[in-house]
Amino acid sequence: MALIEKVPVYAEKIPGGSIVTTTLERVLSYGRATSLWYLLFGTACCAIELMCTGASRYDFDRLGMIFRASPRQSDLIIVAGTITKKMAPRLRQLYDQMAEPRYVIAMGGCTIKGGPFYYDSYAVEKGVDHIIPVDVHIPGCPP
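Residues numbered from 1 in each chain as written. Predicted model: local features only at pLDDT ≥ 70, side-chain atom pairs only at ≥ 80, totals over all residues. Heavy atoms only, no water.

Visitor: Just checking my understanding: could you explain the environment of L63 for this structure?
Guide: As for its placement among the helices and strands, L63 is situated in the loop between helix 2 (45–54) and strand 4 (76–80). With a relative accessible area of 41%, L63 lands in the partly exposed category. Separated by 32 residues in the primary sequence, L63 and G31 have C-alpha atoms spaced 7.4 Å apart. (Helix = DSSP H or I, 4+ residues; strand = E, 2+ residues; numbered from the N terminus. Buried < 20%, exposed > 50% of the residue type's maximum accessible area, 1.4 Å probe, protein only.)

This is the structure:
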C-alpha cells in the first residue's frame, strides 16, 4: 500500500442518502499518512498528563501523531499548563518558527484563562490567546 493513498469512496445511492463502503485498513492507513505531528509546550501538571499520551499506555504514535521536538517539523502545538509572562516570548517564537498551516490547542484552565492564578498573580498570563491564536480550547483540569 502506498504511504499516502486516498481512501476510496464507494457510494451506493439509496433513498434519503448514500452508503459509503471501504476497508478499515485503508481508512487507518490514510489517517496515519495525513496525521498531525505535534509539539508539546507544557509547563505544569497538564503537561504531565499530556506526556502520558505519547507513552506506552495511550501511544499516539500508533495513530500517526508523532511528537516532534522541533517547531519546524510540527503542524500542531499543544500548550498545556500555566503560561507566565516570561514564557510568553518563547511561546511566540516557537509559534512563529512553525510552518504553515499551523494549529494550536490550548489544554487546561490555566492555559485558557489563567486558572487559579487569574486574580492573585501579576506574573501569569491571563490566557494563551493573548500571545498566539488558538484553534481549539480544551477546558478543565486533567489531573
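Continuing now.
Visitor: What should I look at first to understand the pattern of salt bridges in this one?
Guide: Opposite charge on two side chains permits them to pair, given that their charged atoms come into close proximity. What the rule picks out here adds up to three salt bridges. Where K85 meets E125, a salt bridge forms, and the shortest distance between an N and an O atom there is 3.7 Å. Residue K85 is found in the loop between strand 4 and helix 3 (88–97), and its partner E125 is found in the loop between helix 4 (109–113) and strand 6 (136–138); the two are separated by 40 residues along the sequence. (Salt bridge = Lys/Arg side-chain N within 4 Å of Asp/Glu carboxyl O.)

Visitor: For this particular structure, what's the right way to read the pairing of strand 3 (residues 38–42)?
Guide: The side chains of a regular strand alternate, residue by residue, between the two faces of the sheet. Examined bridge by bridge, strand 3 and strand 4 share five bridges and lie parallel to one another. Paired with F41 across the bridge in strand 4 is V79. (Pairing = 2+ DSSP bridges.)

Visitor: Help me out: how do you make sense of a nonpolar patch on the surface in this one?
Guide: A grouping of L24, V27 and L28 is seen on the molecular surface, where their side chains present a nonpolar patch of about 260 Å² in accessible area. Inspection of the secondary structure puts L28 in helix 1 (residues 24–33). Note on L28: relative accessible area 37%, which makes it partly exposed. (Patch = residues over 30% accessible without salt bridge, like charges linked within 9 Å, V, L, I, M, F, W, Y side chains within 5 Å. Areas by Shrake-Rupley, 256 points an atom, 1.4 Å probe, with all protein chains shown as cover.)

Visitor: For this particular structure, what's the right way to read the environment of A88?
Guide: With respect to the secondary-structure elements, A88 resides in helix 3. C-alpha of A88 to C-alpha of V128: the two residues are 40 residues apart in sequence and 8.3 Å apart in space. What A88 contacts, discounting residues up to four positions off in sequence, is E125 and I131. (Contact = heavy atoms within 4.5 Å.)

Visitor: I would appreciate a short explanation of the sheet that holds strand 6 in the present structure.
Guide: Across a sheet, paired strands are connected by hydrogen bonds in the backbone, their directions being either parallel or antiparallel. In space, the four strands of this open sheet follow the order 3-4-5-6, with parallel pairing throughout. The open sheet has two edge strands with one neighbour each: strand 3 and strand 6. Strand-to-strand twist across the sheet, computed as the mean angle between neighbouring axes with direction ignored, equals 20 degrees. Contacts from helix 2 reach strand 3, strand 4 and strand 5 (103–107), with the element oriented near 155 degrees to strand 3. (Axes fitted to C-alpha atoms, helices over the stretch in contact; angles between N-to-C directions.)

Interpretation in functional terms is not warranted from these geometric data alone.
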